[in-house]
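# Residue-level structure breakdown
Here is what each chain is made of, one letter per residue.
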Amino acid sequence: MKFLDIASLDPINTALIFENPECRVVGRIETYSCKLAGVDKKLYKNLENRWNSKNISESQSVSPEQQHSFNNIISPFGSLEQPSSRRTLFNLIATLNASYPDYDFSDVKPDQFTKQPSVPMVCNYINNTLFNLGRSYIVNDLNLWQVIDDIIDLNECNVYSFNPDIDSDPNAEDGAINKKLKRIVFFTVRCLSINAPLQEDEPLDSESEVNAMSYEEYVMGDIEM
């Protein structure tokens, strides 16, 4: 994944970091190209070996019961028999790795992601969150959704949330993916205790998690390529 430095996001990202009397809010929006880099190719090969049942069947003996179980793995992308479903899983994991370079999400499972019902629902949820935090100007004056739409074309996007277990939680993330543009927008907003010492890109762990009041993250785009 290649990070895309988009100047129109700078004032929004600045506005997404603030404090009020109740909490500290840390948010960021990042854009990535789905073009594979060297490390991505290795990850893609490893995920194909892990989730492509054809490769597994050829490399080891698999009983009909095991094959049936594999084919019925819960996946928000559709059957992992389909290359497009596995590519979506890869793009989401690669985005998490790129956004949190000190962490490795290679072992994240398909059922740790959730496909959101619609883009407008996600937009409304984020709007309500920002309004409740007294930051309506991010939506209205900084034109949050127009800026994102110019980058990724929201009408062509699917939105996924990351629902980590305790071992893989980098704060939980959301993002949108655009298949035609081959881009991903990664959107995270965390509401932390005023006393929480976390830095902007520091994941939660079992000790610091008690300081986190809430957090939401989305991956936006059309990544089913």
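In short, a report on the structure. (Residues numbered from 1 in each chain as written. Predicted model: local features only at pLDDT ≥ 70, side-chain atom pairs only at ≥ 80, totals over all residues. Heavy atoms only, no water.)

## Some points on the overall build of the chain
Using the following cut-off: The way it works is that DSSP assigns letters per residue, a run of H or I at least four long becomes a helix, a run of E at least two long becomes a strand, and they are numbered from the N terminus. Working definition: with a 1.4 Å probe on protein chains only, accessible area under 20% of the residue-type maximum means buried, over 50% means exposed, and in between means partly exposed. Residues count as neighbours in contact if any of their non-hydrogen atoms are within 4.5 Å of one another. Here, Shrake-Rupley sampling with a 1.4 Å probe gives the accessible areas, and only protein chains in the shown set may cover a residue.
Within the chain one finds eight helices and eight strands. Looking at the 225 residues of the chain, the share that counts as buried comes to 50%. Across the chain, every contact between residues at least 6 apart in sequence was considered, and the portion connecting residues at least 24 apart equals 71%. Accessible surface computed for the chain: about 11,200 Å², of which carbon and sulfur atoms make up 48%.

## Thoughts on the nonpolar core
For the record, the criterion: What makes a nonpolar core is a set of buried Ala, Val, Leu, Ile, Met, Phe, Trp, Tyr and Cys residues whose side-chain atoms join them at distances within 4.5 Å.
Among the nonpolar cores identified, the biggest contains 32 residues, and Ile29, Leu144, Trp145, Ile148, Ile152 and Phe187 are the most heavily contacted of them. If you tally residues by element for this core, the top one is helix 8 (residues 144-152), at six residues. Counting 23 residues, the second largest nonpolar core, distinct from the first, contains Trp51, Leu92, Ala94 and Phe113.

## Brief notes about the pairing of strand 3 (residues 23-33)
Consecutive residues of a regular strand have side chains that alternate between opposite faces of the sheet. For the record, the criterion: Two strands are counted as paired when DSSP detects at least two bridges linking them.
Most of strand 3 sits out of view: 11 of its 11 residues are buried. Pairing geometry for strand 1 (residues 2-4) and strand 3, over three bridges, is antiparallel. Directly across from Lys2, in strand 3, lies its bridge partner Ser33. With three bridges connecting them, strand 2 (residues 17-19) and strand 3 associate as antiparallel partners. In the strand pairing of strand 3, Ile17 is matched with Val26. The antiparallel hairpin formed by strand 2 and strand 3 contains three residues in its connecting segment. Pairing geometry for strand 3 and strand 7 (residues 183-193), over 11 bridges, is antiparallel. Along strand 7, the bridge assignment pairs Glu30 with Phe186.

## Observations regarding the environment of Gly134
When you line up the elements, Gly134 lands in the loop between helix 6 (119-132) and helix 7 (136-140). Separated by 114 residues in the primary sequence, Gly134 and Asn20 have C-alpha atoms spaced 8.8 Å apart.

## Topic: the pattern of salt bridges
Convention followed: A pair is scored as a salt bridge if a Lys or Arg side-chain nitrogen falls within 4 Å of a carboxyl oxygen belonging to Asp or Glu.
One pass over the structure, following the stated rule, counts four salt bridges. Asp107 serves as the salt-bridge partner of Arg50, at 3.7 Å between the closest nitrogen and oxygen. With Arg50 in helix 2 (residues 38-51) and Asp107 in the loop between helix 5 (83-99) and strand 4 (113-115), the pair connects residues that are 57 residues apart, well separated along the chain. Given a relative accessible area of 60%, Asp107 falls into the exposed group.

## Quick word on the packing of helix 2 against helix 5
Our working rule: Orientation is described by lines fitted to C-alpha atoms, with helices fitted over the stretch in contact, and by angles between N-to-C directions that extend from 0 to 180 degrees. Put simply, angles under 35 degrees are roughly parallel, angles over 145 are roughly antiparallel, angles from 65 to 115 are roughly perpendicular, and the rest are oblique. Each helix crossing is assigned a hand: it is left-handed if the near helix lies turned anticlockwise from the far helix by less than a right angle, otherwise right-handed if that turn is clockwise. Residue polarity follows a fixed list, in which Ala, Val, Leu, Ile, Met, Phe, Trp, Tyr, Cys and Pro are nonpolar, Asp, Glu, Lys and Arg are charged, and the others, Gly among them, are polar.
Taken N-terminus to C-terminus, the directions of helix 2 and helix 5 make an angle of 135 degrees; their axes are 10 Å apart at the nearest point. In terms of orientation, helix 2 and helix 5 fall into the oblique class. In this structure, helix 2 meets helix 5 at a crossing whose hand is right-handed. Seen from helix 2, the contacting residues are Asp40, Leu43, Tyr44, Leu47, Glu48 and Trp51; seen from helix 5, they are Arg86, Arg87, Leu89, Phe90, Ile93, Ala94 and Asn97. Of the residues contributing to the contact of helix 2 with helix 5, the split by class is eight nonpolar, one polar and four charged.

## A look at the environment of Ser33
As a reminder of what qualifies: Pairs of N or O atoms within 3.5 Å make up the polar contacts considered here, provided that, within protein, one atom can donate a hydrogen while the other can accept it, and that residues adjacent in sequence are counted only when both atoms are side-chain atoms.
Here Ser33 is to be found in strand 3. It is 9.9 Å that separates the C-alpha atoms of Ser33 and Asn178, two residues lying 145 residues apart in sequence. Residues contacting Ser33, with those up to four places away along its chain left out, are Met1, Lys2, Leu4 and Lys182. For Ser33, the side chain forms a polar contact with the main-chain nitrogen of Lys35, separated by 3.2 Å.

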